[in-house]
Each structure stands twice: as structure tokens, then as C-alpha cells.
Amino acid sequence: EGQRFLAVDFNNEGTILAGISKTGAVILWDAIKQSKIQSLESKDRKASSLDFNKDGSLLAVGQDSGQVQILSMPEGEEKQTLKSGTAFIKALAFSPDGKSLAIASKQSIEIWSTATFKKTSSLVKSGQMQEIVWTPDSKSILSGGNDFNLHVYSVDGSSQTILKGHTKAISALAVSKDGKKAASGDRAGKILVWDWGAKNPSSKEIIAHQGGVDSLS
């Protein structure tokens, strides 16, 4: 495409790649044929984040208007538009069980049902959020952002844990497939690996380099 992309994501089968261009357009590629499927662009709305659901049948696209488009795959047709209670979608993520979509704004994390496309709950947060990720059991959400802390929320709202260790904004998050470890990276280049096995989660710094951490997996 010869242009800069702000975010990219594969479906789980690795057959479709979705990307957000610098202009805010969503571009879909056939990863097998290595050819563009289509480009989705709106004059008054720019994409800011995206995520495929587990079976790849849906792509959620967060926009700077505060709306979230739910697109059916591989056609790219709009299935639903969710109107979030915010002016800008910072991040979003489907739950591993496919039942929920988490939408992160400056004020909160909204949980939406993928069966009804209705908001089911809202988790209040502190600090501007940059990243969110689900735990494999779909019971908790981790978030990080400009308050330098890693927040762990139970989706039912029963608990919230704040973990400290970063001195710059958290810019990347990942959770291991078994759910026993998490990793958080920040704008200073620090990556902390968190051990959930202990009663009080502890962290270990495994990498420190020049420049911020943009992504983890």
C-alpha cells in the first residue's frame, strides 16, 4: 500500500489481515492470495482500533466518533453500529469465549453482549487507557495507560487490582494462553512479566531498551 498503518490484526485462521491506514481507513487483505479485498473509508469517521472475534466471522472497528462498527467477514459488510458513551475509542477486544466485546474509552471500559449488541456493564477506570486485553477464561480484563499502572478488573465488577512497576505510560499488554502470566510494556522501553500464580502478583523486568514498546504477544 505504500503507506503507514496504525494497527493491524489477523483473523485466527490467518486468512484475512485487517489494517488501519494513517488516513483512518480500514483495509482488508486476503493473506493467502496476498491481494487487497477492499478498503472501507468514511469522510466523517476515522478508525482508531480493531479486533477480530475468535472464529473470524466479525471484525469490530472503533472510531474517533465514539462509535464501533461490527463488520461481517469476509464481506466487510456492516452488521451493527454500537454507540459508545465516549467521544473516542482507545482500544477494543472480543472476549476469548466470543460472548462479549470490551470497548475502552477515556472514562471507562464498556462491556457489550455479542448476542444482543447491547451494553451489559461499565467498569470505571482511572487514567487515560491505551491498551486492554482479556484473560483466557473471559472473566477479567487488564488495562494500562497514562497513569503508569496495570489494572486488573473482574468483568462482573466484584474486584479491581492495581499493580505498580512502570514509570511511563503502558503501551502494550499480553496474557499467556494458560492465563498464568501477563506482560506489560511502556513508553520507556520497559517490559514487565507478571506472575499470577502468587497470591500477590509479582513482576520481573526482562527487557529494557531505547524507545517505547508498541506491541506484545
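Above this text sits the structure in question.
In this text, all values refer to a predicted model and were calculated from it rather than measured experimentally. Counting starts from 1 at the beginning of each chain's written sequence and moves along it residue by residue. Side-chain atom pairs in this predicted model are given and counted only at pLDDT of 80 or more, local residue features only at pLDDT of at least 70, and totals for whole chains, interfaces and linings cover all residues. Note that the side-chain values use all heavy atoms of the structure and ignore hydrogens as well as water.

Draft legend 1. Looking closely at the sheet that holds strand β16 (residues 160-163). Here 4 strands make up an open sheet; going across it, the order is β13-β14-β15-β16 and the pairing antiparallel. With one partner strand each, in any of the chains shown, β13 (129-134) and β16 form the two edges of the open sheet. The sheet shows a mean angle of 20° between the axes of neighbouring strands, taken without regard to direction. In the sheet, strand β14 (residues 140-145) pairs with strand β15 (residues 150-154) via 5 bridges, with the strands oriented antiparallel. Its bridge partner being in β15, Ile141 is matched across the sheet by Tyr153. Pairing between strands is defined by DSSP: at least two bridges between them are needed. Every helix listed is a DSSP run of H or I at least four residues long, and every strand listed is a run of E at least two residues long, numbered separately from the N terminus. Lines are fitted to the C-alpha atoms to define the axes, a helix being fitted only along its stretch in contact, and any angle between axes, read from their N-to-C directions, falls within 0 to 180 degrees.

Draft legend 2. View of the sheet that holds strand β2 (residues 16-21). Read across the sheet, 4 strands follow the order β1-β2-β3-β4 without closing on themselves; strand pairing throughout is antiparallel. Looking at strand neighbours, the two that pair on one side only are β1 (5-10) and β4 (35-40), the edges of this open sheet. In this sheet, adjacent strand axes meet at a mean angle of 20° when their direction is disregarded. Across 5 bridges, the pairing between strand β3 (residues 26-30) and β4 is antiparallel. If you follow Leu28 over to β4, its bridge partner there is Gln38.

Draft legend 3. Representation of the nonpolar core. Residues belong to one nonpolar core when they are buried, are Ala, Val, Leu, Ile, Met, Phe, Trp, Tyr or Cys, and are joined through side-chain atoms within 4.5 Å. Each residue is assigned to one of three classes by its accessible area relative to the maximum for its type, calculated with a 1.4 Å probe on protein chains only: buried under 20%, partly exposed between the two thresholds, exposed over 50%. Residues Ala102, Ile109, Ile111, Ile132, Trp134 and Ile141 are the most contacted members of the largest nonpolar core, which totals 13 residues. Elements supplying a minimum of two residues to this core: β9 (91-94), β10 (100-104), β11 (108-113) and β13. Sorting elements by how many residues they give to this core places β13 first, with 3 residues.

Draft legend 4. Quick peek at the side chain of Asp186. In this fold, Asp186 is placed in strand β18 (residues 181-186). For the buried Asp186, which has no salt bridge, the nearest side chain bearing the opposite charge is Lys190, at an N-O separation of 5.2 Å. Any pair of nitrogen or oxygen atoms within 3.5 Å is treated as a polar contact; in protein, a donor-acceptor pairing is required on top of that, and neighbouring residues in sequence qualify only through side-chain atoms on both sides. Within polar-contact distance, the side chain of Asp186 engages the backbone nitrogen of Gly189 at 3.1 Å. Here a residue-residue contact requires only that any non-hydrogen atoms of the pair lie within 4.5 Å. With residues up to four places along the chain from it excluded, the contact list for Asp186 reads His166, Thr167, Lys168, Ala169, Ile170, Ser171, Gly212 and Val213. Residues scored as charged are limited to Lys and Arg (positive) and Asp and Glu (negative), so that His and the chain ends carry no count. By definition, a salt bridge exists where a carboxyl oxygen of Asp or Glu is found within 4 Å of a side-chain nitrogen of Lys or Arg.

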